[in-house]
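Reading the structure
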Amino acid sequence: MTWQIEVDRNTCIGTGSCAGIAPEHFELRERKSCPRHPTAEPDELLVDAAESCPVEAITIRDATSGELIAPEP
């Protein structure tokens, strides 16, 4: 299984919580979050980062089915 990582840069407010929680998956560029790679193997840190985003700018989906993994609706 592979997960797709997306960040809505228009929504992101650049708190950096995602990069603090999962630095191997996120970095700040121009004060906005960016995924280091568009996909990743399942990792609970990705879920934690998406759930911790104060403006829900991060979405994690199953790359095959498109099913939303995080944040929980």
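This text gives an overview of the structure that appears in the document.

Cut-offs applied
Each chain has its residues counted from 1, running along the sequence as written. In keeping with the predicted nature of the model, local features appear solely for residues at pLDDT of at least 70, side-chain atom pairs appear and are counted solely at 80 or more, and the whole-chain, interface and lining totals rest on all residues. The side-chain quantities take in all heavy atoms of the structure and omit both hydrogens and water. Put simply, DSSP marks the helices as runs of H or I at least four residues long and the strands as runs of E at least two long, and each gets a number from the N terminus on. For each residue, the accessible area found with a 1.4 Å probe, counting protein chains only, is set against the maximum for its type, and the residue is called buried under 20%, exposed over 50%, and partly exposed in between. Here a residue-residue contact requires only that any non-hydrogen atoms of the pair lie within 4.5 Å. Each accessible area is a Shrake-Rupley estimate made with a 1.4 Å probe; only the visible protein chains count as cover when residues are assessed. Joining through side-chain atoms within 4.5 Å is the link that ties buried Ala, Val, Leu, Ile, Met, Phe, Trp, Tyr and Cys residues into a set, and such a set is a nonpolar core. Basic side-chain nitrogens of Lys or Arg form a salt bridge, by our definition, when they fall within 4 Å of a carboxyl oxygen of Asp or Glu. Patch criteria: residues need more than 30% relative accessible area and no salt bridge. Like-charged residues are merged within 9 Å; nonpolar side chains of Val, Leu, Ile, Met, Phe, Trp and Tyr are merged within 5 Å. Positive charges come from Lys and Arg alone, negative charges from Asp and Glu alone, with His and the N- and C-terminal ends not counted. The atoms used to mark charge sites are NZ of Lys, CZ of Arg, CG of Asp and CD of Glu.

1. Overview of the overall build of the protein chain
A count of helical and extended segments in the protein chain gives two helices and six strands. Scanning the protein chain from its N terminus toward the C terminus, one meets helices and strands in the order β-α-β-β-β-α-β-β. Over its C-alpha atoms, taken along the principal directions, the protein chain stretches across nearly 30 × 25 × 20 Å. Across the 73 residues of the protein chain, 33% fall into the buried class. Across the protein chain, contacts joining residues at least 24 apart in sequence account for 50% of those joining residues at least 6 apart. For the protein chain, the exposed surface amounts to about 4,300 Å²; the carbon and sulfur share of it is 48%.

2. Side note on the nonpolar core
Core analysis: the largest hydrophobic core is formed by 18 residues, its most contacted members being Ile5, Phe26, Leu46, Ile58 and Ile60. Elements supplying a minimum of two residues to this core: strand E1 (3-7), helix H1 (17-21), helix H2 (44-52) and strand E5 (58-62). Each residue touching Ile58, except ones within four places of it in the same chain, is listed here: Glu6, Val7, Cys18, Phe26, Ala49, Ala50, Cys53, Ala70 and Pro71.

3. Structural notes on the pattern of salt bridges
Counted according to the given criterion, the structure contains two salt bridges. For Glu27, the salt bridge identified is with Arg29, shortest N-O distance 2.5 Å. For Glu27, a relative accessible area of 21% corresponds to the partly exposed category.

4. Let's talk about a negative patch on the surface
On the surface, Glu44, Asp48, Glu51, Glu56 and Glu72 cluster together into a negatively charged patch. The partly exposed category is assigned to Glu51, whose relative accessible area is 40%.

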